[in-house]
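# Survey of secondary and tertiary structure
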Amino acid sequence: MKNIFLHIALFFSLVCFSQNEQLAQYYYDKGDFEKAKISYEELLKEIPQNSQYFLRTIDCAQQLLQFESAEKAIQQRLEKYQQGNLLVELGYNFQLQKKDDTAKIYYEQAVERIKKNPNEVYGIANAFERKVLLDYALKSYQTASESDQNFNFNYQIGLLYGQMANMEMMIATFLDEAFTNPQNSIRIQNQLVRFMVDEGDANFNELLRKALILRTQKNQDIFWNHYLSWFYVQQKEFEKAFIQEKAIYKRNSESLANIVNLGQLAIEEENEAAAKEILGFVLENTQDLELLIQANSYLIEMKIEKAADNELVIIGKELEDLLKQFEISPFTLSLQLIQAHFTAFKLKKPEEAKAIVKSALELQLNDYEVANAKMELADILLYEEKFNQALIYYSQIELDLKNDVMAHEASLKAAKTSYFKTDFVWALKQFKELKSANTQLIANDALEYFLLINDNTVADSTQTALKQFAKGDYLLFQKRNEEAITQFLAILRNHKGEEIEAVTLLRLGKIYKKKGDFALALSQYQTIIDQHSDGIYIDEALYFAAEIYNKQVVPEKAKPLYEKIIFGHEDSIYFVEARKKFRQLRGDTIAP
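Residues numbered from 1 in each chain as written. Predicted model: local features only at pLDDT ≥ 70, side-chain atom pairs only at ≥ 80, totals over all residues. Heavy atoms only, no water.

## Considerations on the packing of helix 17 (residues 289-306) against helix 19 (residues 333-345)
Our working rule: Simply put, an axis is a line fit to the C-alpha atoms, just over the touching stretch for a helix, and the angle between two N-to-C directions goes from 0 to 180 degrees. Runs of E in the DSSP output that reach at least two residues are strands. Runs of H or I that reach at least four are helices, and both are numbered from the N terminus. Relative orientations are named as follows: roughly parallel for angles under 35 degrees, roughly antiparallel for angles over 145 degrees, roughly perpendicular for angles from 65 to 115 degrees, and oblique for any other angle. It is the rotation of the near helix from the far one that decides the hand of a crossing: anticlockwise by less than a right angle makes it left-handed, clockwise makes it right-handed. Contacts were defined at the residue level, with two residues in contact if any of their heavy atoms lie within 4.5 Å. The classification used treats Ala, Val, Leu, Ile, Met, Phe, Trp, Tyr, Cys and Pro as nonpolar, Asp, Glu, Lys and Arg as charged, and all other residues, Gly among them, as polar.
At a closest axis distance of 9 Å, the pairing of helix 17 and helix 19 adopts a crossing angle of 15°. Between helix 17 and helix 19, the interaxial angle falls into the category roughly parallel. In the crossing of helix 17 with helix 19, the sense of the turn from one axis to the other is left-handed. Across from I293, S297, I300, E301 and I304 in helix 17, the residues of helix 19 making contact are S334, L335, I338 and F342. Across the contact of helix 17 with helix 19, the residue classes break down as six nonpolar, two polar and one charged.

## As for helix 21 (residues 367-383)
Which entries qualify depends on this criterion: Helix span is expected to be 1.5 Å times the residue number reduced by one. Under the scheme applied here, a residue whose accessible area is under 20% of the maximum for its type counts as buried, over 50% as exposed, and between as partly exposed, the area being computed with a 1.4 Å probe on protein chains only. Think of a polar contact as two N or O atoms within 3.5 Å of one another; within protein, one of them needs to be a possible hydrogen donor and the other a possible acceptor, and neighboring residues in sequence only count if both atoms come from side chains.
Across its 17 residues, helix 21 extends 24 Å between first and last C-alpha, which sits within 8% of the 24 Å expected from 1.5 Å per residue. Judged by how many residues are buried, helix 21 sits mostly within the fold: 12 of 17 residues are covered. Those residues of helix 21 that fall on the buried side of the exposure criterion are A371, A373, K374, M375, E376, L377, A378, D379, I380, L381, L382 and Y383. Looking at the packing, one finds that the buried side of helix 21 touches helix 19, helix 20 (350-361), helix 22 (387-400), helix 23 (405-420) and helix 26 (464-477). Looking at where helix 21 begins, the residue whose side-chain oxygen comes 3.1 Å from the main-chain nitrogen of Y368 is N366. Immediately beyond the C-terminal end of helix 21, within one or two residues, lies E385, with a positive phi of roughly 70°.

## Considering helix 5 (residues 85-95)
Among the 11 residues in helix 5, 10 count as buried, and that is most of the element. All buried positions along helix 5 are accounted for by N85, L86, L87, V88, E89, L90, G91, Y92, N93 and F94. Contacts made by the buried residues of helix 5 are with helix 3 (51-63), helix 4 (67-81), helix 6 (100-116) and helix 7 (121-130).

## Section: the side chain of K131
Relative to the helices and strands, K131 resides in the loop between helix 7 and helix 8 (134-147). Apart from residues no more than four positions distant in its own chain, K131 is found in contact with V88, E89 and Y92.

## A word on the packing of aromatic side chains
For clarity, the cut-off: The aromatic pairing rule takes the rings of Phe, Tyr and Trp, using the six-membered ring of Trp, and pairs them if the centres are within 6.5 Å, calling planes under 30 degrees apart stacked, those over 60 edge-to-face and the rest tilted. By definition here, charges over rings are those cases where NZ of Lys or CZ of Arg is within 6 Å of the ring centre and within 35 degrees of the ring normal.
Under the criterion given, the structure shown has 38 aromatic pairs. An angle of 80° between the planes, with centres 5.5 Å apart, marks the rings of F242 and F281 as edge-to-face. Of this pair, F242 sits in helix 14 (residues 238-251) while F281 sits in helix 16 (residues 272-285), and the two are 39 residues apart along the sequence. Aromatic ring contacts, followed pair by pair, group F345, Y383, F387, Y419, F420, F424, F431, Y449, Y474 and F477 into a single cluster. In this structure, R187 packs its charged tip against the face of Y155, placed 3.8 Å from the ring centre. Just above the ring of F450 sits the side chain of K435; from NZ or CZ to the centre is 4.2 Å.

This is the structure:
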């Protein structure tokens, strides 16, 4: 019984303490520093060793211009705990009073303590960083590294150079650290990407490129070729990345996997010429079955994507020849599924396509391979308008691979199936859940359909236009593009000025762009820009139009469109890319 009362008392004590902490934070955030100071002092009485509470009391005193009481409190704590970071606090208290000479004395004392005990660098450097005294923070890390060779603060030093806008020293420090400690490369690359895309000055990319080229020239280690290849991939300059990857392969011909991956990235970025060159090199230089199948799969998919009707027979024969060459086995599953998809969606022979997939499912496949085959089978059933059967297979994948990316993809396809069959209530529920998916592409896709259904249901409770739009999307899924165009044009005629108009124009723009009819695509986007500038599709219209002009090398038309996204649509998913391309067109980055 005593233990029960003890636990109850302890529980209420913790609850009260937590509430007092929240109250102190509330006063602090509100700017009521008098009450916040009293609250933190009360908390400090309970836990005297808590440095966070102490620093808050000092901050509050300084906000209230109570510098003498702050100085006395810091001195007393310094005498009691002998913590070097308190010298920084003491110096800063004088700096706030414009007594810079006195402040400097204490800052230098703090750095001197690091010389005697390098372990103190953590608290002292952190204190300098919190006060944005970056020169002293840098000096602290450098002093610790000089005093004890076991310390390595290159990463922290690189970050500080970045904060100080000393880009050349940041790059040099980061690259030296990456070479000395390759295990830190990913972390360093993440920081470099942040400056390349988000926060860097106008010439950052050029400085980084020159630094990397200089290292490849001075040091023959292939580490630098890898780094330069990585840099060019970030810039989406796949031809230049390929030059580096070939140089690596000539000196270390163990694997072409990186080059295959580079080809895949080029495909994703619609750089067909680079992809063909890269994957062609793979086919010429490997006998590895897996890589051969992978490269051939990517190449044949590119052909299928761009194929005209009169080329389908040739492609079908090419697929048959590849499967004869490499034989039917789990290793060639990707080719078998490509053949099935081609047979259903291009040759319009779904029964033959299903037979190919069902034959593949009889092979000794692992769980992911089974899921891939079932996904293709479900897609073919969806093509045939067998919605419920398709949903069964999508659901099986969701259950078999819970929380996997492929399971999320199956969930998205299941939601789209409900959408195609105009079961908008269920589709909306599924899209709402998928908005928070870990995979950004799936989350973005789900958000797009969620907004489409939600907005057009609010605007038209009968969902007449939405049903017609879903039919157009289904025709697109079936690769019946001309019929889809007719469907979307009918929506524009019959529902002019309604909510559905802007998204219909967007769909048409995407179809025309894919067909290579850029003038018609631009016309759709321009209508959105002119007539729906306050709608949710304006940033997409601006970006897609800018992309067409950019690829046609018409910078004077692309640049103002990117600029409108930068200054008017900061929350757009295209914001980062728009800013990057705007800077390039403006000439911020010197051409290599």
